[in-house]
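Descriptive analysis of the structure
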Amino acid sequence: MTSQREQSADERKGEGQLGDSVDVREHGAAREGQPQTLDRRLFMQLVVFDSRGKSGALDALRELGAELERRQAPSVLYEDLSHPDSIGLLAYSEDPSDFVTKVRGAYASARELGLRVRPALSMIGRTYSSGFEPDLEYWLLRRPRETVQNPAWPWAIWYPLRRSGAFERLPPEVKGQILREHAQIGKAYGAKDLAHDIRLACHGLDAHDNEFVIGLVGKELYPLSHLLQAMRRTRQTSEYISQMGPFFVGRVAWRSPA
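Residues numbered from 1 in each chain as written. Predicted model: local features only at pLDDT ≥ 70, side-chain atom pairs only at ≥ 80, totals over all residues. Heavy atoms only, no water.

Observations concerning helix α3 (residues 97–112)
Rules: Numbered from the N terminus, helices here are DSSP runs of H or I no shorter than four residues, and strands are runs of E no shorter than two. Every helix has an expected span of 1.5 Å times one less than the residues it contains. The bend at a residue is defined as the angle formed between two axes, one fitted to the seven residues ending at that residue and one fitted to the seven starting there. The cut-offs for exposure are 20% and 50% of the maximum accessible area for each residue type, with area from a 1.4 Å probe on protein chains only; residues under the lower value are buried, those over the upper are exposed, and the others partly exposed. Two residues qualify as a contact provided that any one of their heavy atoms is within 4.5 Å of a heavy atom in the partner residue.
In this model, α3 (16 residues) spans 23 Å end to end at C-alpha, consistent with the 22 Å of a helix rising 1.5 Å per residue. Arg104 marks the point of greatest bend in α3, at about 40°. Those residues of α3 that fall on the buried side of the exposure criterion are Asp98, Phe99, Val103, Gly105, Ala106, Tyr107, Ser109 and Ala110. Among the structural elements, β3 (43–50), α2 (57–70), β5 (86–93) and β7 (123–127) are those in contact with the buried residues of α3. Where α3 terminates, the next one or two residues include Gly114, which has phi positive at roughly 85°.

Next comes the structure, spelled out in structure tokens:
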């Protein structure tokens, strides 16, 4: 029988092993034989407003854009395709406290303009690595900024999703095959400049327990819709996505200065 003293030592050893296994850094593909790691990531938040009030949508866009620029809050403002009195604010930062300080401060102007938040369309997530990125810093920090700020790509579709628990119980090699099928379709659309994606993880950040936020960005709207249609046929979407949406569809009306 193991003594109480021996049990405590065993427990401490197990706790130490668990602690050693916790690694919150992002990991990319090895470069010149050296592993890539980075403890930085970009947070992106979409908040959608109903602008019915004393100011119209266009006036609200101008005023809110000026306030965001004054506060030096990197962001994009969208006209909502499906709601003529609605606008979307996409803000991003490596420091999530900026959403509470810089961006939230701009909401005071929004309220004065009669803007009201539409909570069902609020989304937030963080960039993450898959372990195969050849340039980890570019993928996590610069690529998402360049994608939403590209003047040639004014259209965007943003939506959250959640996979079923069954997906997480699949063997790693099976999950890899399923994810590769999905990724290959996205790469094909990107190679033809039809659609460019932003993938964000939102575990524990989403009010409805979604796991990811996806942004599809491009120069025209139709290819973005076509990509989503093509994705429906993949095994991941057809078998293991338990929830998608709501969807926000917008066209850029203002971007913060580079």
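So that's the structure; there's more coming.
Some remarks on the side chain of Gln236
Note that Gln236 resides in helix α8 (residues 235–240). Dropping the residues within four chain positions of it, Gln236 is found in contact with Arg163, Ile178, Leu179, His182 and Ile241.

Some remarks on the pattern of salt bridges
We apply this condition: Any Lys or Arg side-chain nitrogen found within 4 Å of a carboxyl oxygen on Asp or Glu counts as a salt bridge.
A complete count under the given rule lists 19 salt bridges for this structure. Between Glu79 and Arg251 there is a salt bridge whose closest N-O contact spans 3.3 Å. One end of the pair, Glu79, is in strand β4 (residues 75–80); the other, Arg251, is in strand β12 (residues 248–255), and 172 residues separate them in sequence. Residue classification places Glu79 among the partly exposed positions, given a relative accessible area of 27%. The exposure class of Arg251 is partly exposed, given its relative accessible area of 40%.

Some thoughts on the packing of α2 against α3
As a reminder of what qualifies: Axis angles are defined between N-to-C directions and span 0 to 180 degrees, where every axis is a line fitted to C-alpha atoms and, for a helix, only to the segment in contact. Put simply, angles under 35 degrees are roughly parallel, angles over 145 are roughly antiparallel, angles from 65 to 115 are roughly perpendicular, and the rest are oblique. Two helices that cross are described as forming a left-handed crossing if the nearer one is turned anticlockwise from the farther one by less than a right angle, and a right-handed crossing if clockwise. Asp, Glu, Lys and Arg are counted as charged, while Ala, Val, Leu, Ile, Met, Phe, Trp, Tyr, Cys and Pro are counted as nonpolar; the rest, among them Gly, fall into the polar class.
Contact pair α2 / α3: the axes reach a minimum separation of 9 Å and the direction vectors enclose 155°. The orientation of α2 with respect to α3, classified from their angle, is roughly antiparallel. Judged by the sense of rotation from one axis to the other, the crossing of α2 with α3 is right-handed. Contact residues: α2 offers Leu64, Glu67 and Leu68, while α3 offers Gly105, Ala106, Ser109 and Ala110. Class assignment for the residues of the contact of α2 with α3 results in four nonpolar, two polar and one charged.

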